[in-house]
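Structural overview
The residues making up each chain are set out below.
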Amino acid sequence: QVQLVESGGGLVQAGGSLRLSCAASGRIVSINDMGWYRQAPGKQRELVAAMPTGGSTNLADSVKGRFTISRDNRKNTVYLQMNSLKPEDTAVYYCAATIRDSILGSARQYWGPGTQVTVSS
């Protein structure tokens, strides 16, 4: 079994910063993409940032210049540094990763349970 566990969410004032972490554990053969999505109340889940292994990052236009995604492949961990937070960044943030969990199988996407980020005005 593979698990993704997020940490680092919380309540912050507008203009503040938070750093989210997501660690993948379990039976992992390889990890391809790792990234972050978010879902605000009444809205669809949207991509925030993604980072393939050894590739360039992909950031949503709404967070460019404020958020940074990074990975530590030795720890199977992805981070999301969020600066200059705005009330519209309030959402549940989900970690996602495309992971191969067996040598003969194909990679599939796994999700973390989510962590709440609330930005007050």
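The structure reproduced in this document is the subject of the present report.

A word on the nonpolar core. Residues Trp36, Leu80, Met82 and Tyr93 are the most contacted members of the largest nonpolar core, which totals 30 residues. At five residues, strand E9 (residues 91-100) tops the list of elements feeding residues into this core. Other than its neighbours up to four places away in sequence, Leu80 contacts Leu18, Arg19, Leu20, Trp36, Val48, Ala49, Phe67, Thr68, Ile69 and Tyr93.

By the definition in use, this model includes five salt bridges. Here Lys64 ties to Asp61 by a salt bridge, and the two come within 3.1 Å at their closest N and O atoms. Residue classification places Asp61 among the exposed residues on the basis of a relative accessible area of 65%. Arg66 is the salt-bridge partner of Asp89, the closest N and O atoms lying 2.7 Å from each other. Of this pair, Asp89 sits in the loop between strand E8 (77-82) and E9 while Arg66 sits in the loop between strand E6 (58-59) and strand E7 (67-72), and the two are 23 residues apart along the sequence. Look at Asp89 and you get buried, because its relative accessible area is 1%. Through salt bridges with shared partners, a single network forms among Arg38, Glu46, Arg66 and Asp89.

Rules used in this analysis
Residues numbered from 1 in each chain as written. Predicted model: local features only at pLDDT ≥ 70, side-chain atom pairs only at ≥ 80, totals over all residues. Heavy atoms only, no water. Core = buried A, V, L, I, M, F, W, Y, C linked by side-chain atoms within 4.5 Å. Buried < 20%, exposed > 50% of the residue type's maximum accessible area, 1.4 Å probe, protein only. Helix = DSSP H or I, 4+ residues; strand = E, 2+ residues; numbered from the N terminus. Contact = heavy atoms within 4.5 Å. Salt bridge = Lys/Arg side-chain N within 4 Å of Asp/Glu carboxyl O.

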